Amino acid sequence: MCRMSSPRPQPDTRDAYPRFVPLTTRWMDNDVYGHLNNVVYYSLFDTAVNSLLIDAGALDLHAGEVIGLVVETHCNFFESLAFPQRIEAGVRVAHQGRSSVRYEIGLFAEGAPTCAARGHFVHVYVDRDSRRPVAELPAAYLQVLSTLTP
């Protein structure tokens, strides 16, 4: 059986993202090969999205009734990033469901025209106590998500 292969992923340009979050790398982020360790990219994705949600007043880490649990992640790597380097994380919403959101993040070296890495993760928003999906996303989330849709 012959399978057609998917085209190789290509890096996004800045215009693919409606919002950007400035981030910095840390000394401990580099691995023995002199660039950011793979796991750091996922941490930067999480930091970018949650920073936007906290700054917009949607996510209350300590007292909010709704929290997001990550149920899926993915990353494509195009160029290396390393410490010391400033990064600009582009964020967009690719899909919004009743209780879930697929965020897509592009990590750009400061001022670079294309992303060094692009990934996504899916948050399922649940009740903090029961850990069951919410019936619908709260208004504060809906408002910030509307600013992240290209």
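Parameters and conventions
- Residues numbered from 1 in each chain as written.
- Predicted model: local features only at pLDDT ≥ 70, side-chain atom pairs only at ≥ 80, totals over all residues.
- Heavy atoms only, no water.
- UniProt positions renumbered as here; feature names shortened; annotations may be inferred.
- Helix = DSSP H or I, 4+ residues; strand = E, 2+ residues; numbered from the N terminus.
- Expected span 1.5 Å × (residues − 1).
- Buried < 20%, exposed > 50% of the residue type's maximum accessible area, 1.4 Å probe, protein only.
- Contact = heavy atoms within 4.5 Å.
- Core = buried A, V, L, I, M, F, W, Y, C linked by side-chain atoms within 4.5 Å.
- Pairing = 2+ DSSP bridges.

Within an unreviewed UniProt entry, the label attached to the protein reads Acyl-CoA thioesterase, and the organism entered is Pelomonas caseinilytica. What UniProt states about the protein under its Sequence similarities (unreviewed entry) heading is, verbatim, "Belongs to the 4-hydroxybenzoyl-CoA thioesterase family."

Draft legend 1. Summary view of helix α1 (residues 38–55). Under the 1.5 Å per step criterion, the end-to-end length of α1 is 26 Å for 18 residues, consistent within 8% with the ideal 26 Å. Regarding α1, the residues found buried are Val40, Tyr41, Leu44, Phe45, Ala48, Val49, Asn50, Leu52 and Leu53. Packed against the buried residues of α1 are β1 (19–24), β2 (66–77), β3 (86–96), β4 (100–109), β5 (117–127) and α2 (139–146). In the stretch just after α1, glycine 57 is the one whose phi turns positive, near 80°.

Draft legend 2. The nonpolar core, seen in detail. Formed by 36 residues in total, the largest nonpolar core has its most connected members in Leu53, Leu81, Tyr103, Ile105, Leu107, Tyr125 and Tyr141. Contributing elements (two or more residues each) for this core: β1, α1, β2, β3, β4, β5 and α2. At 8 residues, the largest contribution of residues to this core is made by α1. Once residues lying within four places of it in the same chain are set aside, the contact partners of leucine 107 are Tyr41, Leu44, Phe45, Leu81, Ile87, Glu88, Ala89, Cys115, Ala116 and Ala117.

Draft legend 3. View of the pairing of β3. As paired strands, β1 and β3 are joined by 6 bridges and run antiparallel to one another. Each bridged residue has a counterpart across the sheet, and for proline 22 the counterpart in β3 is glutamate 88. In this sheet, β4 lies alongside β3 in antiparallel orientation, the contact comprising 9 bridges. When the sheet's bridge partners are listed, histidine 95 is paired in β4 with arginine 102.

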